[in-house]
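# Structural characterization, general
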Amino acid sequence: VLAHGEVAAELGMAVAVTYLERTDAGPRNTLTLFDRCGRRVLTYAKVHVCSFDLPEQALVPGEEFPVARLETAAGEVTVGAMICFDREFPEAARALALHGAELILVPNACELEANRLGQVRARAFENMAAVAVANYAAPDQNGHSTVADPVAFDAEGRSRDTRVFEAGEAEDVHVVC
């Protein structure tokens, strides 16, 4: 995991990495966010472990939804994270928003179909926080990584699509501003 911090510093950009973390209680599905200088600024363990997935049943759930201030070239932003199944629970995004999250990162490993994509947009709108989901590309999953902006109206008060980006199925790198 520490090597990812070195990569973040080398690239001058924040990097989030997910991994199975070894703890005394057992393995956890964990995300660590490194800032653009390579410093570890956030570590989060998945709270909602999938009871219907045999391998995941062995994981130890996290207990909280922490946030961190991330310094970016455009200024500071408060960031939180949910992992995959966590996004199914409105209270996860709400807890992050109550702690000040302006951006919620969601690494994901399941099909992103119309209902789940709509759910991401709802989490953004409900909590006035941007939500960025990075999903496995095909053939492992179906891609469709997405970013939702919480603002549903433009400057003139007209309704607008809060989905500001949706990738296709193929593996690729995208910069979303």
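Residues numbered from 1 in each chain as written. Predicted model: local features only at pLDDT ≥ 70, side-chain atom pairs only at ≥ 80, totals over all residues. Heavy atoms only, no water.

## What to know about empty space enclosed by the protein
Spelled out, the test is: Site definitions follow a grid-based scheme: protein atoms alone, a 1 Å grid, a 1.4 Å probe that fits but cannot get out for cavities, and for pockets an open set with protein on both sides within 12 Å along at least five of seven lines, plus lining residues having an atom within 4 Å of a point. Grid points are joined across faces, edges and corners, and a volume is the space filled by probe spheres set on the points. Only runs of H or I of at least four residues qualify as helices and only runs of E of at least two qualify as strands under DSSP, and these elements are numbered from the N terminus. Ten residues, namely Ala, Val, Leu, Ile, Met, Phe, Trp, Tyr, Cys and Pro, are considered nonpolar, four, namely Asp, Glu, Lys and Arg, are considered charged, and the remaining ones, Gly among them, are considered polar.
Inspection of every chain in the model, using the stated rule, returns 1 cavity of 30 Å³ or more. Its boundaries defined by the atoms lining it, the largest cavity holds a volume of some 40 Å³. Met82, Arg87, Val106, Gln119, Val120, Arg123, Val131 and Val133 are the residues that line the largest cavity. Those elements that provide at least two residues to the lining of the largest cavity are α3 (114-127) and β7 (130-135). With 3 residues, the single largest contributor to the lining of the largest cavity is α3. Across the lining of the largest cavity, the residue classes tally to 5 nonpolar, 1 polar and 2 charged.

## Description of the packing of aromatic side chains
Using the following cut-off: Stacked, edge-to-face and tilted labels apply to pairs of Phe, Tyr and Trp rings (six-membered ring for Trp) whose centres lie within 6.5 Å, assigned for plane angles under 30 degrees, over 60, and everything in between, in that order. Burial status follows relative accessibility: with a 1.4 Å probe on protein chains alone, a residue under 20% of its type maximum counts as buried, one over 50% as exposed, and anything between as partly exposed.
In this structure the tally under the stated criterion is 3 aromatic pairs. Centre to centre, the rings of Tyr44 and Phe65 are 5.6 Å apart; their planes meet at 25°, and the pair counts as stacked. Residue Tyr44 is located in strand β3 (residues 40-45), and its partner Phe65 is located in the loop between β3 and β4 (67-72); the two are separated by 21 residues in the primary sequence. Take Tyr44 and Phe65: they sit in the same class, and that class is buried. Seen in terms of ring centroids, Phe85 and Phe89 are 5.1 Å apart; in terms of plane orientation they differ by 90°. Their pairing is edge-to-face. What makes Phe89 partly exposed here is its relative accessible area of 24%. Pairwise contacts between aromatic rings join Phe52, Phe85 and Phe89 into one cluster.

## What to know about the environment of Leu54
Secondary-structure assignment places Leu54 in the loop between β3 and β4. Residue class for Leu54 comes out exposed when judged on its relative accessible area of 65%. Note: C-alpha distance between Leu54 and Leu2 (52 residues apart in sequence) is 29 Å.

## Quick look at the side chain of Thr162
Threshold: In what follows, a contact means two residues having at least one pair of non-hydrogen atoms within 4.5 Å.
For Thr162, the position within the fold is in the loop between β8 (146-148) and β9 (163-166). The class for Thr162 is buried, based on a relative accessible area of 8%. In contact with Thr162, not counting residues within four places along its chain, are Arg121, Val147, Ala148, Asp149, Pro150, Val151 and Ala152.

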